Amino acid sequence: EKGGYEHFMLKEIHEQPRSIMDTMRGRLLVEEDIIQMAGIWDYQEKFLNAERIIIISCGTSWHAGLVGEYLIEDLARIPVEVEYASEFRYRNPIITDKDIVIAISQSGETADSIAALKLAKEKGAFIYGICNVIDSSIARLTDAGSYTHAGPEIGVASTKAFTAQLALLAMIALKLAKHKGTISKERFNSLIIELETIPERVAEVIKNTESQIKKIAELYAGAGNFLYLGRGYNYPIALEGALKLKEISYIHAEGYPAAEMKHGPIALIDENMPVVVIAPKKGYYDKIVSNIQEINSRKGKVIAIVTQGDTVVKDMVTESIEIPDVSEYFTPILSVIPLQLLAYYIAVLRDVNVDQPRNLAKSVTVE
Ligand code: F6R
């Protein structure tokens, strides 16, 4: 049932072109120039008049929520807050009937997310679910929702559910932007054309980087710590890369927004500290370049994720992994792939149970 792969996690990493496509199928209609999502369309008024969207989730799904915040604020200009379900529910949050609360959950069974949603519902918010498991508790509890169609995810470390969440959030943000009129027709059209090509781009990333990443994993499998840095859309991906590594390889890893490095973590950098820097040629590229200079001057070892054809960062670092050049909105879907593979191959070398890491459960039904 692992389809010839050694672990479910590797199979699920490889399934991503397909699972992203399945999530977009029937929704992203390029010919008709529309994004069709009944869950949003039926409650259009609510979404367009929402004063705020609050996204609640845990773990990897929380990282997807952070990318969702950038997407929805940037494209649809609706204020978004992203909250850990466990913090939100216990802090007497301010919620009104002008709020939309979106829960993101692969399993749809995460106890803290369910409790946070119930609280939001009691306070009158419209509650929306983004779940992978059909008919799960969250899917049933919510007023409306959209499924990610990633298929069953068996590996405890979430991979294909995450990229499906990112694709779904991109569609929601683009659809809201279109109806709100916060992006032009031309821009909407060119972005959906590009989004449709993302599954192929993901396939390219896997094909072009996997053997390189295996070698990098050999160099760093003995490391005691890792730092992951990213900015903007790729800051949540730094968090996600670090989470993947710690949960399956048991190496301590931290993700940080790159600019925060100088406020503390820079003290950790020496020749024994591998630093994964997500540095696509987008947004604040120059700033990322200077972060890399700072790491280099302290002899840290940089593994950089760069845009194909990049020469500047490439010349500065020992290892660079290329991803195709796409709009910044979609870079997280590509940049996370090498980080999933890196965590996977390091874990394999450390001979641990990749699919069932110690102390972790696939769905966290305890509070
Ligand atoms: C990490 C991981 C967990 C889950 C978290 C939320 O790889 O799988 O961090 O993302 O437990 O689970 P769901 O999305 O099922 O609510």
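Use the structure listed above.
Residues numbered from 1 in each chain as written. Predicted model: local features only at pLDDT ≥ 70, side-chain atom pairs only at ≥ 80, totals over all residues. Heavy atoms only, no water.

### A word on the overall build of the protein
- The number of helices and strands found in the protein is 14 helices and 12 strands.
- For a compact globule of 367 residues, the expected C-alpha radius of gyration is about 21 Å, and the protein comes in at 20 Å, within 12% of that figure.
- Each principal axis of the C-alpha distribution contributes one length, and for the protein these read about 55 × 45 × 45 Å.
- Residue burial in the protein is summarised as follows: out of 367 residues, 58% are buried.
- Of the contacts made within the protein by residues no fewer than 6 positions apart, 75% connect residues no fewer than 24 positions apart.
- Taken as a whole, the protein presents about 14900 Å² of accessible surface, with 48% of it coming from carbon and sulfur. (Helix = DSSP H or I, 4+ residues; strand = E, 2+ residues; numbered from the N terminus. Rg over C-alpha atoms; globule rule 2.2 N^0.38 Å. Buried < 20%, exposed > 50% of the residue type's maximum accessible area, 1.4 Å probe, protein only. Contact = heavy atoms within 4.5 Å. Areas by Shrake-Rupley, 256 points an atom, 1.4 Å probe, with all protein chains shown as cover.)

### Side note on the environment of Leu 117
- Note on placement: Leu 117 falls in helix α7 (residues 111–122).
- The exposure class of Leu 117 is buried, given its relative accessible area of 0%.
- Considering only alpha carbons, one finds Leu 117 and Ser 57, 60 residues apart in sequence, at a separation of 9.8 Å.

### Observations concerning helix α9 (residues 160–180)
- In a regular helix each residue adds 1.5 Å, so 21 residues correspond to 30 Å; α9 covers 30 Å between its end C-alpha atoms and thus fits that length.
- Here α9 lies mainly inside the structure; 18 of its 21 residues are buried.
- Within two residues after α9, Gly 181 carries a phi angle of roughly 75°, on the positive side. (Expected span 1.5 Å × (residues − 1).)

### Description of the side chain of Thr 209
- Mapped onto the secondary structure, Thr 209 falls in helix α10 (residues 185–220).
- Using a relative accessible area of 1% as the deciding quantity, one classes Thr 209 as buried.
- Excluding residues within four positions of it along the chain, Thr 209 makes contact with Ile 321, Glu 322 and Leu 341.

### Let's talk about the packing of aromatic side chains
- Within this structure, the stated rule accounts for 10 aromatic pairs.
- Plain terms: the ring middles of Tyr 233 and Tyr 329 are 5.8 Å apart, the flat faces sit at 90° to each other, and that makes the pair edge-to-face. With Tyr 233 in the loop between β8 (225–230) and α11 (235–249) and Tyr 329 in the loop between β12 (319–323) and α14 (331–349), the pair connects residues that are 96 residues apart, well separated along the chain. Residues Tyr 233 and Tyr 329 agree in their burial class; the two are buried.
- Three or more aromatic residues joined by ring pairs form one cluster here, namely Tyr 43, Phe 47, Phe 126 and Tyr 128. (Phe/Tyr/Trp six-rings, centres within 6.5 Å; stacked < 30°, edge-to-face > 60°.)

### Side note on the sheet that holds β8
- Across the sheet, which stays open at both edges, the 5 strands sit in the order β9-β8-β10-β11-β12 with parallel pairing between neighbours. Each end of this open sheet is capped by a strand with a single partner; those strands are β9 (252–257) and β12. Going from strand to strand, the sheet's axes swing by 15° on average, the running direction of each strand aside.
- The pairing of strand β11 (residues 301–307) with β12 spans 5 bridges and is parallel. Across the sheet, Val 306 pairs through a bridge with Glu 322, a residue of β12.
- Lying over the sheet, α11 contacts β8, β9 and β10 (274–279), oriented at roughly 175° with respect to β9. (Pairing = 2+ DSSP bridges. Axes fitted to C-alpha atoms, helices over the stretch in contact; angles between N-to-C directions.)

The quantities given are spatial measurements derived from coordinates; they are silent on function.
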